[in-house]
Structures are given as structure tokens and as C-alpha cells.
Amino acid sequence: MSLRAAVVDRADALACDLDLNHVKEWLAEVPGRKAAGYLPVYAPRELIAAVGMLPVGVHGGGDRLEIIKGDACYQSYICHLPRSVVELLLAGRLDCLSAVLFPSTCDVIRNLSGIWKLQKPGTYVRYLDLPQVLDPSIGVPFWTMEMEHVLGELAELAGCEDPKGGLRQAIADYNAVRERLQVLYAHRRDRPWDIPTAELYLLMRALESLPAQTWMDLSADYLSAIEQEPGRPRDNCRVVLTGAFCEQPPLGLLKTIERAGCYIVDDDLLQGNRMLQGPVSTDGDPVQALAEAFIYTSVKNSVIYEDDPDGKRNLMKTRVEAARADGIVFAAPSFCDPALLDRPMLRAGAEAAGIPCIAFKYAENTGQFQPFREQAGTFSDSIKLWGAG
Amino acid sequence: MSQLEMKKDQSMVLQKQMIASHFERLEQAPETKEPVVYTFVPGNLTELIRSFGCLPVLPEINALQSGMRGKSRAYIREAERHGHSEDVCTYVKCDVGMMKSGNIGPTGTRLPKPDLLLLSYTGCYTFMKWFELLREEYDCPTVFLHVPYQGDGVLEPQHRAYVIKQLKEKLIPMLEQISGKEFDEEALAQRLAWSSQAEDDLVAVLEAAKNSPSPIDSYFGGVYYVGPIFSAFRGTAEGAEYYKLLRAEVEARVAAGQGPETPSGRLDEQRFRLVVEGPPNWTHFREFWKMFSDEGACVVASTYTKVGGTYERGFRHDPKDPLGTLADYCGGCYTNLNLPDRVQMLCDYVTEYAADGFLINSVKSCNSFSAGQLVILQEVEKRTGIPGGFIETDLVDPRYFSPANIKNRLESYFQMLAARKAVA
Ligand code: SF4
Ligand code: SF4
């Protein structure tokens, strides 16, 4: 087996491990270890790692889970993610998580925090109100205070005596991760034929439940593999994929878009991994440093209030230019408020800038890709024929 | 009188006049130069806004009125033509459609442009997007007032301080700027005193439903009762007067052993006492109500009437702590309560109001209310031993109101309740 295939297989196995067996193995290695989950989109996982717990992204069951109990908890007009999370929860498949953080992504995630409290009263559940006011004089003290609170409670749960020291280390570890992600994303932007998005996605997904250092090794192997086995360029157009920051599309959908002739050169898949765009300062108080990093460097996202009146209008143009893309694929989960309420603003700005766009909706368990193939194929052909703008 | 029209109480007539004159004042605002602040019902800071001589506009109230007046279908279609998804909150689409159709408000008068968008972020994610969308159309400042969610069931002290800080450092300076007036804490305190008076009377009205027969319907009638306090009239002398009058009417009904007026006539014979969770449907409001009143079902408590404040839990605006009380108010609106607290509130209502059943009206487009309602249903059933009913409608999109289907479900539910009562 090639190195690339070995890395991708390992990442795929982690993504498919709905019983979190790999987490349980990690827990069993050292008695007393604990793991803490977090829901999409962004939770400061450094806080979890700081107290010696393993941060584990909770992303539902994708297209590999039959939903029975989850459907009894959610009406048909709610997105798919919470029903598959509840399915896993009620089946006891997430019982190895001693704590779960629910960031203020949307009202569905918010209400899910209450369901978790009701269903698993023994678990530490914390709703995390991300700072929506990015004015530093308001946002930094607020976010510092919130994270101090959570760090203190997690430290107590984990029996950690020096959470701030742990946080300094965790920040350094995740700074390295952020840098590596930038390398991977820049490589895919420049040579998308080397890094198919489905592979990059799996690698990112592995980051959602591996310790930072283990992931660094895995991603280093992947980088070596693409050096050894570069891909061959194809006559594809280049697109930005946006709207898929929370409920994740099935892998088949990502492959379909690329096979239909659209290289994905920028995306917001698993965006929490790349929420902070620069390194977090390792000087001074680490909680404040993490708070400042959020206020000053967080990526523009549908779940955070946009303060700049022109922000929504300009965002897609900026992203398209940075990725040297030809067009945009708006791909949002059905019934996803943040993505779908943002879409008219983002699309109007993109179209005003002459950027070709297509839009569709999916669910994490979508199984039929033919309509997407046709739509993406036609889009790619039209861009190649008429050019972007 | 058509079948669905009802006899009107004096308070209803008064409310209609108050609303009409408010909209007239709004229409004249560009000439009178009264600054206009758009804001939301949960977490509305009417006393503060009015203490600067500004006029509030509540987009949700406009949307629901448009729904009641048969205008929402066209507005929603207009918004969808502009790329808005069929999956999202129909209040937003109704409002956007209204704006794109000339911004003629529900009473037929033109709504002025806002001088300020006050994004009071109190328990609904959609609020954020709603005002981002409106801001695309209006060249005016926006203030984001971030009210932390009560994830652990309380407004934590540090969160309260955070809200006060934003009021002081962001909102008040902005109101000073758009109004040209200085912050006057005494004027605010006077308004808070009017609020507190009105809140006392409102609580007396809502709690009158503990009587049998209940003198009010706390859902369909309740939405009228909370109208003034949820919209422009909290913290005004006329608002306080309205609630005094309403309370007197309700107390007179209690004394006479009378039920409320409903589309089926006065409901003295009440076969079922219900607790209801979720917003009502506005496009078929009377028809919907009649499905209950025809069966002799009276709603004795509802959560929707608490989205603009949970006064029956003891909260009153406190003139002695003007900014602190506004923070407490914002934190405690029903939309800002966590799911276990919502469950507990429903269970308390079932017990305190001696309900025979509880019903959830799940609206398709509102994740804030709807996501988790099936779990609420299961949990309340488990704790109270009372069977819950579940129906699905929408707020203002008439396409999602299926009368035959809803009637069927309600009839089966009432039959089940009747059978239980017969056995008991
Ligand atoms: S997919 Fe969208 S609506 Fe669903 S939980 Fe995620 S952000 Fe919320
Ligand atoms: S989502 Fe629900 S609470 Fe939010 S604005 Fe719409 S109807 Fe109101």
C-alpha cells in the first residue's frame, strides 16, 4: 500500500469510527484519562487539551448511521446533524465523553445542549457563547472570562492542577497544527490535483479526535506522500465551496464535485480547525491570548455577527480572489439557518462582482449524487466555455 | 357579524386605537424627526429607547400582523424571488418582502426607515441574520447587544455585568447620538415604574386562568393581552392604563364566573384546560382558535406569551436599578431559557393551572422554538403523566397550514383527553 493510501485509510477509519473506539483506546492507555467533546463550528479545543483531556469533535453519523431514535426527537424540518448526534448519544456511543462543549453556532446546537443535559445528567455540559461583539474592549474581556470559567471547571473535572501551564503548551501544539493546515490548504490551492479535497477533508477529520502531536505525524506523512506521488493536472475549473461549515457533506459529494470538473480550492469544511487564522501568542496570560486571537484573527463565518456593513457583500469576492477561483459552489445543509440566511447576501455580493455561482442543499446522509454531478459538470463546462465573469 | 368575528372587549378597542396611533406617529416620523429604532420583541428595551424620545418598530409584530391581514403570502414569495430559502424563518422573509414592496406596514401606513437597528440578541440566532439583511437596505448604524444565553438555567452574574457594560458603553452613547439627547436616568426610572405597574396587572390577568372557568384564553386571547407590553407600550403611561383596564375586565369575568370571548362565542363551559407551547399560526388565526373553542378547549397557560418577559416568575422592571433590571429582563425572556428550564416551566403550568393536557404547536420555520420540542413533549409527559399533543403549522406562511390535517389531529387529541377524563 502506498504511503498516501495508508494515511488516507487511517484517517477514513477514524472518521468511520462511530463508537469512538480509538478514543476509548487512548483513554485506556493511561488510567484516569478523560475525553471531552465539542460540537461544530468552533470551540477552543486548547482548553480541553490544557487539562490533559482529549478533544473530540462531535459530528453526527454522516451517511453511515441508521436514524431511529433521532427522528423521534426532531421534526422533518430540522437539519440532519442533531438527529444523528442524538442517535449516537442515546445508543451510548458517546458515553466516553466526560464533558461536552456546545458553541453558539445556532439555535439547534444550543437546544441540543439542553437535550444532552436531560439525557446524560452526569456529563459536564457547557454552552459556550462565542463573543459576537468583536470590538476588543467588549469582546476580549468577555471571551477571556468565559474561557476562564470553562478552563476552571474542566480542570476540576480532570483533576488538573496547572491548567494555565497546560494551556500554554496546548496553544503551542495547536499553533503548529494551524501552521500545518495553512501549508496543506496553500498546497491544495496551488496544486489541487495533488490534494483531492476528499483526502484533505479526511485528514482534517482525523484532527477532530487525535491528539495534536499524533495528527502532526499523520499530516507529515501525508505531505511526504504527495511529494512522492504528485497528481496530474486536469482541465478543471476552480471553485470555492461555502456553506458547509457545520453539518458535513458526505464524502461522495465532495468527490462528485471534483470529478465533475470543479477543483475545490477553498472551503469552509470543518471550519473550526481553521477558525483562528494566525498563531496565538505564547506570551502573557494564555487565556487572554486565546481570546485576543479570536477577536483579532477569526475567520469570517456565518455564525459570527458581521460588524462591517459591507462585509457580507465583499466576503466572497475576497475569498475567490485569494483562492484564484473561477466560481462559487454554495452548498448548505437543508434547513441550516446560518448558511441559508447568509446565502442571499453572499450570493448578491458575488454576482455583483461577476462571479459565477451555483447553489444546492444536501444532508450528511445524502446518497444520490447524480443531480450534483450534473449541476457541477454544467457549471464547470460553462466556466470553461465562457470564462469567469 | 361573520362566523369568525368576536365580541370585542373595551380593552381590545383601546389596544387597536393605541396601535393605530403609534403607526401614524411612525409614518410622520420623517417630518417630526422622532428617531426610529428597529428592535426585537424578546429583549426589547422599550423604556430605554423611549427615554431618548425614540420610537420603536418591532419587525416580528409587523410580520405577524401581515400574516393576520393576509399579506404574508405575497411578501414571502417576494423574498424567495430574491433568493431567500424556503427553509428559513418566515418572519424574516415576510419582513424582507414587505420592505421590498414599499415598506407599507400592517395598518396601511408607510413605515419610516430606521435611524438605528438595535440588535438585541436574546435567544434567537435568526435575529442576527435578520438585521444583517435589513442593514443591506438601510444606511444606518447597528448596535449588537449580546445577551448571553442561560445555558445553565440562570443569568450568571458575570453575564449580567457584561450586558450592563454594553448598555453603558455602546447602546446609550449611540442613542444619545441619534437622538441628540443626553441619557436621563430619572426619565428611564419613571418609565420602568410604569412597566412594573403594567407587569403586575398582566400577571394578575394571566394568573386569573387558575380559576375555573378560566376568564381568559391564555394563548389565542393571550397574544392580544401581551400585545402592548411586547411592543411599543411597555414603559408608557398609556400601556399602564391599558393593563389596568384589562385587569378590571378579567376580574369582572372571574366574579361573574364567565369564560373568555372566543370565535365560538363566550366559553363558559370549558371541557378541557390546556397548556400550549410554541408560537401560534397567524395566517389562519381565528380558524385555528375555533378548532379549540368549538371543542370547549381553553388554553390556561402558554409559553409564547412569555417571549417578551417571564413576569409570572417574579421578575419586574426595577426603577431602582435601571440598567441592571434591563439586563435581567433580557436574560430572562422565554427564548433565552435553556431546554430543561422550558420543560420545567411547562410542568409547573400543568400543575399550577390544573391542566388536562398540553399541546405543542411546532412551527416549521422557527428553530429557536422547534428544535427539541419533541424531547420537551416526551419529558413533560414523563414528569406530569399527562399526554401531550403535537401539531405542526407555520407562523406566517399559509402554505404550511393544513386545516383538515390539524383539525383531525386536534379532534383525536381531544377525544383521548375526554376518554381519560371519563375514566378519572
Ligand atoms: S447544520 Fe446549520 S442549522 Fe444544523 S446544527 Fe449546524 S449550523 Fe445549526
Ligand atoms: S426563528 Fe423563531 S424566534 Fe427567531 S425570529 Fe423567527 S420566529 Fe422569531
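Structure: see above.
Sequence order as written defines residue numbering, which begins from 1 separately in each chain. Whichever chain is written first becomes A and whichever ligand is written first becomes 1, with later ones labelled in order. Residue-level local features of this predicted model are given only where pLDDT is at least 70; pairs of side-chain atoms are given and counted only at 80 or more, and the full residue set underlies all totals for whole chains, interfaces and linings. For side-chain calculations, the full set of non-hydrogen atoms in the structure is used, while hydrogens and water are omitted.

Comments concerning the overall build of chain A
Numbering of helices and strands runs from the N terminus; a helix is a DSSP stretch of H or I covering at least four residues, while a strand is a stretch of E covering at least two. Check the secondary structure of chain A and you find 15 helices and eight strands. Taken over the C-alpha trace, chain A has a radius of gyration of 20 Å; the compact-globule value for 389 residues is 21 Å, and the two agree within 12%. Summarising its shape, the C-alpha atoms of chain A cover approximately 60 × 50 × 45 Å along the three principal directions. Considering chain A as a whole, with its 389 residues, one finds that 62% of them fall into the buried category. Between two residues, a contact is recorded if the distance between any of their heavy atoms is within 4.5 Å. For chain A, restricting intrachain contacts to residue pairs at least 6 apart in sequence, the fraction spanning at least 24 positions comes to 74%. Our radius of gyration is a C-alpha quantity, and the globule rule it is checked against amounts to 2.2 Å times the number of residues to the power 0.38. For each residue, the accessible area found with a 1.4 Å probe, counting protein chains only, is set against the maximum for its type, and the residue is called buried under 20%, exposed over 50%, and partly exposed in between.

With respect to the site of ligand 1
All names here are of chain A. If even one non-hydrogen atom of a residue comes within 4 Å of a molecule or strand, that residue is called near it. Taken together, 13 residues lie near ligand 1, and Cys79, Thr105, Cys106, Cys246 and Cys336 sit nearest. Mapped by element, the contributors of at least two residues to the shell around ligand 1 are α6 (107-119) and α14 (337-352). Residue polarity follows a fixed list, in which Ala, Val, Leu, Ile, Met, Phe, Trp, Tyr, Cys and Pro are nonpolar, Asp, Glu, Lys and Arg are charged, and the others, Gly among them, are polar. The residue makeup of the shell around ligand 1, split by class, is ten nonpolar, one polar and two charged.

Here's the deal with the site of ligand 2
Residue and element names in this part refer to chain B. As a matter of local geometry, ligand 2 sits amid Cys89, Tyr91, Cys124, Thr126, Phe127, Trp130, Cys366, Ser368 and Leu395. The leading source of residues in the shell around ligand 2 is helix α6 (residues 126-135), at three residues. Of the residues contributing to the shell around ligand 2, the split by class is seven nonpolar, two polar and no charged.

A word on the nonpolar core
Of all hydrophobic cores here, the largest spans 231 residues; its most connected members are Leu48, Tyr91 and Phe292 of chain B. When residues in this core are grouped by element, the largest group, nine residues, is from helix α7 (residues 136-158) of chain A. Residues enter a nonpolar core if they are buried and are Ala, Val, Leu, Ile, Met, Phe, Trp, Tyr or Cys, with the set joined through side-chain atoms within 4.5 Å. Among the nonpolar cores identified, the runner-up in size contains 48 residues, and Tyr185, Leu210, Met216 and Tyr222 of chain A belong to it.

Regarding the environment of Ala63 of chain B
Residues and elements named next belong to chain B. On the secondary structure map, Ala63 appears in helix α3 (residues 59-68). Separated by 134 residues in sequence, Ala63 and Gln197 place their C-alpha atoms 28 Å apart. Contacts of Ala63, omitting those with residues within four sequence positions, involve Tyr91, Cys94 and Val396.

Focus: the pattern of salt bridges
Any Lys or Arg side-chain nitrogen found within 4 Å of a carboxyl oxygen on Asp or Glu counts as a salt bridge. Applying the stated rule across the entire model yields 60 salt bridges over all chains. Note that Arg188 of chain A is salt-bridged to Asp267 of chain A, the shortest N-O span being 2.8 Å. Of this pair, Arg188 of chain A sits in helix α8 (residues 163-190) while Asp267 of chain A sits in strand β6 (residues 262-267), and the two are 79 residues apart along the sequence. Residues joined in a network through salt bridges with shared partners are Lys117, Arg126 and Glu146 of chain A together with Asp152 and Glu156 of chain B.

Brief notes about the pairing of strand β5 (residues 237-242) of chain A
Residue and element names in this part refer to chain A. Where burial is concerned, most of β5 is hidden: six out of the six residues are buried. Side chains Cys237, Val239 and Leu241 of β5 all project onto a buried face; the interleaved residues Arg238, Val240 and Thr242 project onto the opposite face, where all are buried too. Whether two strands pair depends on DSSP finding at least two bridges between them. In terms of strand pairing, β5 meets β6 through five bridges, oriented parallel. When the sheet's bridge partners are listed, Val240 is paired in β6 with Asp266. A clockwise path from the first strand over the helix to the second, with the strands pointing away from the viewer, defines a right-handed crossover. With helix α11 (residues 251-259) bridging β5 and its parallel neighbour β6, the resulting β-α-β unit is right-handed. Relative to strand β7 (residues 327-333), β5 runs parallel, the two sharing four bridges. From the neighbouring strand, Thr242 faces β7, where its bridge partner is Phe330.

Description of the packing of aromatic side chains
Aromatic pairs are defined between Phe, Tyr and Trp rings, using the six-membered ring for Trp, whenever the two ring centres lie within 6.5 Å; interplanar angles under 30 degrees are classed as stacked, those over 60 as edge-to-face, and all others as tilted. Summed over the entire model, instances satisfying the criterion amount to 35 aromatic pairs over all chains. Centre to centre, the rings of Tyr305 of chain A and Phe144 of chain B are 4.6 Å apart; their planes meet at 45°, and the pair counts as tilted. Of this pair, Tyr305 of chain A sits in the loop between α12 (286-297) and α13 (311-323) while Phe144 of chain B sits in strand β4 (residues 142-146), which puts the two residues in different chains. With respect to burial, Tyr305 of chain A and Phe144 of chain B carry one shared label: buried.

Focus on the sheet that holds strand β9 (residues 357-363) of chain B
All names here are of chain B. The four strands lie next to each other as β8-β7-β9-β10, forming an open sheet whose pairing is parallel. Single-partner strands in this sheet number two, and they are β8 (297-302) and β10 (388-393). Shown here is a sheet whose adjacent strand axes are inclined to one another by a mean of 35°, direction ignored. As defined by bridge partners, strand β7 (residues 272-277) adjoins β8 across five bridges and the pair is classed as parallel. Axes, fitted as lines to C-alpha atoms, cover a helix only where it is in contact. Angles between the N-to-C directions of the axes lie from 0 to 180 degrees.

A short note on the environment of Met145 of chain A
In this fold, Met145 of chain A is placed in helix α7. You can call Met145 of chain A partly exposed: its relative accessible area is 25%. Counting along the chain gives 66 residues from Met145 of chain A to Pro211 of chain A, while the straight-line C-alpha distance between them is 26 Å. In contact with Met145 of chain A, other than residues within four places in its own chain, are Gln158 and His159 of chain B.

Side note on the interface of chain B and chain A
Taken together, the 57 residues of chain B in the interface contact 53 residues of chain A. Buried surface area refers to the total accessible area, computed with a probe of radius 1.4 Å, that the two partners give up upon joining, counted for both partners together. For the chain B and chain A pair, buried surface summed over both sides reaches about 4800 Å², with 57% attributable to carbon and sulfur atoms. Inspection of the chain B/chain A interface yields nine salt bridges. We note a salt bridge from Glu86 of chain B to Lys361 of chain A, for which the minimum N-O separation is 3.3 Å. Whenever two N or O atoms come within 3.5 Å, that pair is a polar contact, provided that in protein one can donate a hydrogen and the other can accept it, and provided that, for residues adjacent in sequence, both atoms are side-chain atoms. Run the count over chain B and chain A and you get 28 residue pairs in polar contact (both at pLDDT 80 or more). The element best represented in the side of chain B that touches chain A is helix α7 (residues 157-179) of chain B, accounting for seven residues. Its residues placed into classes, the side of chain B that touches chain A shows 20 nonpolar, 21 polar and 16 charged.

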